[in-house]
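This is what each chain is made of:
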Amino acid sequence: HPAKFFRNRAGRRAEVTSGALLAAGVYLSPVCPHIRGQLSPSSCLDRCERGGLDNCPPVLSTGRALQGAWGSSTPRDNAAACAGGSRRGQMESGALVEIGQAIVVHGETPPSSVDTVGRPVVLLPQLHGGWGDGLHPTTRLICAWMQENRSLLHKARVLDYGCGSGILGLLALRLGASEVVGCDLKPDAVRVAMANASTNQLDSRARFYLPSQAALRVELTFEHSFGRPEDTGIPYLPEAETDFDIVLCNIVAGPLSLLARTLATRAKVGAPIALAGLQTFQLDTVLKAYRCAGFEVSEIARDNKEKYCAGSWSLLAGTFHGGESAAAAKVLSYFDEVAAEMDELTFEVGDVAARVSSLRVRVAALSEKLNLQP
């Protein structure tokens, strides 16, 4: 059990190792929340040992989040009770969600009883599985951040990575952004975002894609879940789409951490970034990933109104200062050296294998001459 493991020095060394691996693009995270101070060790041990990891809060929340954001995992039957998600995706057409001054309407027109003068309005007649509906705390945290930092959005090019319904990008346009580029792993989500942009008459300033070809090559479950990317009819995110003025990303903590270096290649130096989708016990892991990739980020807000499993939802924000940290560069340099040594070793092994094969041929020929069994 990880609780027992992390009580000794080996656990401390494991956490240092996970930070180094994270800089190289490998995501590791402890499964028990008491490690991050969210539950006492005894209560966590009791819950997990009573029913195995099925009862471990982060396992439940991660299963649900993966199903909603990436479509790759089916949560346990009792995950819904943990995540409080019964109301998600159940709002009637025409329902209205208010986030600060912003109004999100689940339909093609806002209700006549609502005064929308001077307020940013986003119409979402189509939703993708309830995600990006404006109800989830992580969506609301980023929407609130954009309104508080409206001056940053003025004539800005915005990247919305993991766009879902397109709610964040469309709100950014309503708040003054000049252009939005969004992408999502799910083809259906990209189609929904395109349709919503058209309904809002913002399709001339909003473009939505699948992730880049390079990103999809390492996404091993894509073809199993959605078929071949080229058969979807949706273009890949072009490699030339870089130098964004603002970067937004609202997905679950694991993929969020792995995307740090990807987002660094898309952001302009000095670009603000807002990240959500993580809970408080996952803060350290995500912070390490983005700081190693060249971002200066910190937690600036937290949703304490609704408890989801092991902790509250957090919002990270900061800027991209360019380049990787010295520690990350050192780790990556080390892995490059290891890779070079492995390549050399592979060559030597191949050479030995070729010699062995040649020797076998010679032995077989000699055995035949001497009428011996090989």
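Note: the structure precedes this text.
All residue numbers refer to position in the chain's written sequence, counted from 1. Per-residue local features of the predicted model are confined to residues with pLDDT of at least 70, and side-chain atom pairs are confined, for both listing and counting, to 80 or more; whole-chain, interface and lining totals are unaffected and use all residues. In computing side-chain values, all of the structure's heavy atoms are included and hydrogens and water are not.

Caption draft 1: Structural view of the environment of Pro211. Its place among the elements puts Pro211 in the loop between strand E6 (206-209) and helix H10 (213-217). Should any heavy atoms of two residues lie within 4.5 Å, those residues are counted as being in contact. Contacts of Pro211, omitting those with residues within four sequence positions, involve Tyr161, Cys183, Asp184, Leu185, Leu216, Tyr236 and Leu237. Strands are runs of DSSP state E lasting at least two residues, helices are runs of H or I lasting at least four, and both sets are numbered from the N terminus onward.

Caption draft 2: Broad picture of helix H9 (residues 187-199). For H9, built from 13 residues, the straight-helix expectation of 18 Å at 1.5 Å per residue is met to within 8% by its first-to-last C-alpha distance of 19 Å. Accessible area is worked out with a 1.4 Å probe on protein chains only. A residue is then buried under 20% of its type maximum, exposed over 50%, and partly exposed in between. By the burial criterion, the buried members of H9 are Pro187, Ala189, Val190, Val192, Ala193, Asn196 and Ala197. Lining the buried residues of H9 we find strand E3 (121-123), helix H8 (167-174), E6 and helix H11 (222-226). Taken from the residues just after H9, Gln201 is the one with a positive phi, measuring 55 degrees. Helix span, as expected, comes to 1.5 Å for every residue beyond the first.

Caption draft 3: Inspection of the nonpolar core at higher detail. With 43 residues, the main nonpolar core has Trp145, Met146, Val158 and Leu248 as its most contacted residues. Counting residues per element, this core draws most heavily on H8, which supplies six residues. Not counting chain neighbours up to four residues away, the residues in contact with Trp145 comprise Ile246, Leu248, Pro272, Ile273, Ala274, Ile300, Leu315 and Ala317. In this structure, Tyr209, Leu237, Leu256 and Ala293 belong to the second largest nonpolar core, which totals 31 residues. Residues belong to one nonpolar core when they are buried, are Ala, Val, Leu, Ile, Met, Phe, Trp, Tyr or Cys, and are joined through side-chain atoms within 4.5 Å.

Caption draft 4: Looking closely at the packing of aromatic side chains. The rule is short: rings of Phe, Tyr and Trp, with Trp giving its six-membered ring, pair when the centres are within 6.5 Å, and they are stacked under 30 degrees, edge-to-face over 60, tilted in between. One pass over the full model with this rule turns up three aromatic pairs. A centroid spacing of 5.1 Å and a plane angle of 55 degrees characterise the contact between Phe222 and Phe226, whose relative ring orientation is tilted. Placement of the pair is Phe222 and Phe226 together in helix H11, with a separation of four residues, close to one helical turn. The class of Phe226 is partly exposed, set by a relative accessible area of 27%. Plain terms: the ring middles of Phe295 and Phe320 are 4.8 Å apart, the flat faces sit at 45 degrees to each other, and that makes the pair tilted. One end of the pair, Phe295, is in strand E9 (residues 295-308); the other, Phe320, is in strand E10 (residues 311-320), and 25 residues separate them in sequence. Phe320 shares its class with Phe295; the two are buried. Through a chain of ring-to-ring contacts, three or more aromatic side chains come together here, namely Tyr290, Phe295 and Phe320. Consider the ring centre and the ring normal. A charge sits over the ring if Lys NZ or Arg CZ is within 6 Å of that centre and within 35 degrees of that normal. Across from the ring centre of Phe244, 4.3 Å away, lies the NZ or CZ of Arg157, which sits over that ring.

Caption draft 5: How the structure looks around unusual backbone geometry. Here Lys155, not a glycine, exhibits a phi torsion of approximately 60 degrees, which is positive. With respect to the helices and strands, Lys155 occurs in the loop between helix H7 (150-153) and strand E4 (157-161). What makes Lys155 exposed here is its relative accessible area of 62%. Look at Gln201: it is not a glycine, yet its phi comes out positive at around 55 degrees.

Caption draft 6: Structural context of the sheet that holds strand E1 (residues 95-99). Paired strands are those between which DSSP finds at least two bridges. The strand order across the open sheet formed by three strands is E1-E2-E3, and the pairing between neighbours is mixed. Taken across any chain shown, the strands that pair with only one partner, and hence form the sheet edges, are E1 and E3. Averaged over all adjacent pairs, the angle separating strand axes in this sheet is 20 degrees, with direction ignored. One ladder, built from five bridges, connects E1 with strand E2 (residues 102-106); its direction is antiparallel. If you follow Glu98 over to E2, its bridge partner there is Ile103. An axis is simply a line fitted to the C-alpha atoms; with a helix, the fit covers only the stretch in contact. Between two such axes, the angle follows the N-to-C directions and lies from 0 to 180 degrees. In this fold helix H6 (residues 137-148) packs onto E1 and E2, with an angle of close to 55 degrees to the strand it touches most, E1.

Caption draft 7: Molecular detail of the side chain of Asn250. Secondary-structure assignment places Asn250 in strand E7 (residues 246-250). With a relative accessible area of 17%, Asn250 lands in the buried category. We call two N or O atoms a polar contact when they sit within 3.5 Å, provided that within protein one can donate a hydrogen and the other can accept it, with sequence-adjacent residues counted only if both atoms are side-chain atoms. A polar atom in the side chain of Asn250 sits 3.2 Å from the side chain of Thr138.

Caption draft 8: Highlighting the state of the cysteines. A pair of sulfur atoms, both from cysteines and within 2.5 Å, is called a disulfide here. In this structure the tally under the stated criterion is zero disulfides. Its sulfur unpaired, Cys183 is 6.6 Å from the next cysteine sulfur, which belongs to Cys163. With no disulfide of its own, Cys249 has Cys183 as its nearest cysteine by sulfur position, at a separation of 8.2 Å. The class for Cys249 is buried, based on a relative accessible area of 0%.

Caption draft 9: Examining the pattern of salt bridges more closely. For salt bridges, the criterion is a side-chain nitrogen of Lys or Arg within 4 Å of an Asp or Glu carboxyl oxygen. Applying the stated criterion across every chain, the model contains 11 salt bridges. For Arg157, the salt bridge goes to Glu241, with nearest N and O atoms at 2.8 Å. Taken as a pair, Arg157 in strand E4 and Glu241 in the loop between H11 and E7 lie far apart in primary sequence, 84 residues in all. Of the residues examined, Glu241 reaches a relative accessible area of 10% and is grouped as buried. Where Glu230 meets Arg228, a salt bridge forms, and the shortest distance between an N and an O atom there is 3.5 Å. Judged by relative accessible area, which is 48%, Glu230 ranks as partly exposed. Residue Arg228 is classed as partly exposed on the basis of its relative accessible area of 43%. If you follow the salt bridges from partner to partner, you end up with Arg157, Glu179, Arg207 and Glu241 in one network.

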